[in-house]
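Fold and geometry: a report
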Amino acid sequence: MLPASKVSNAATAILGALIAIGLMLTAQTAMAGEAKVNWIAPEKFTDIRSANETQENAQANLIKTFDGIFADLAKRLPDGYQLEINVTDLDLAGEIRHGFAGGLQDVRVVKAIDWPKMSFSYSLKNDKQEVVASGKEDLRDMDFQSKPDFSYSGFRYEEQMLKDWFKHQQKKQVFPSKD
């Protein structure tokens, strides 16, 4: 059995290491660009239905996923920048078919004519909280099926549409780049 003083010293060392790691992670998080997403009446959105979840669960999962997508995009902004997004409509690629092919389960069928659409306004603030860019977007990606799929979110077409938009904003120098 170890003496109490050695156990106490080991516990203190471990606690100190955990605090140091936590401070480093906090410093890294504070240094990246951030996103704040507001969902304006999602129950009225054109199409955020799921074929295999309740509407409540589907909406919660969708919001969580898209909040993460916007957070990842904001990490490409310089330190201290904040991107605020107010989502006013979303129409997922495809459409829900009820009892598709004689089955009892609903299925989301994606065809070339059912492209993803998203409407939102945005405001970008610099590290001094000054608005450096703002606007309103009505994104549509009619060419969504011809792009490579690198998404892991389950909303691959919509995620790629947002990545393309963000990249275009940086290319036009509307949004600054982290580099």
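Rules used throughout
- Residues numbered from 1 in each chain as written.
- Predicted model: local features only at pLDDT ≥ 70, side-chain atom pairs only at ≥ 80, totals over all residues.
- Heavy atoms only, no water.
- Salt bridge = Lys/Arg side-chain N within 4 Å of Asp/Glu carboxyl O.
- Helix = DSSP H or I, 4+ residues; strand = E, 2+ residues; numbered from the N terminus.
- Buried < 20%, exposed > 50% of the residue type's maximum accessible area, 1.4 Å probe, protein only.
- Pairing = 2+ DSSP bridges.
- Axes fitted to C-alpha atoms, helices over the stretch in contact; angles between N-to-C directions.
- Contact = heavy atoms within 4.5 Å.

Examining the pattern of salt bridges
Under the definition given, this model contains four salt bridges. In this structure, Lys178 and Asp79 form a salt bridge, with 2.9 Å as the shortest nitrogen-oxygen distance. One end of the pair, Lys178, is in the segment after α3 (156-171); the other, Asp79, is in the loop between α2 (55-74) and β2 (82-91), and 99 residues separate them in sequence. Look at Lys178 and you get partly exposed, because its relative accessible area is 39%. One salt bridge in this structure joins Asp91 and Lys117, with 3.4 Å as the shortest N-O distance. Of this pair, Asp91 sits in strand β2 while Lys117 sits in strand β5 (residues 117-125), and the two are 26 residues apart along the sequence. A relative accessible area of 14% means that Asp91 is categorised as buried.

Side note on the sheet that holds β2
On the basis of which strands lie adjacent, the open sheet formed by four strands has the order β1-β2-β5-β6 and mixed pairing. Across the chains shown, the open sheet's two edge strands, defined by having one partner strand only, are β1 (34-39) and β6 (131-140). Taking each pair of neighbouring strands and ignoring which way they run, the sheet shows an average axis angle of 15°. Where β2 meets β5, nine bridges bridge the pair, whose relative direction is antiparallel. Considered in β5, the bridge of Asp89 is made with Ser119. Of the strands in this sheet, β2, β5 and β6 touch α3, which is tilted by about 40° from β5.

Side note on the pairing of β6
Bridge count between β5 and β6: nine bridges; the pairing is antiparallel. Each bridged residue has a counterpart across the sheet, and for Leu124 the counterpart in β6 is Ala133.

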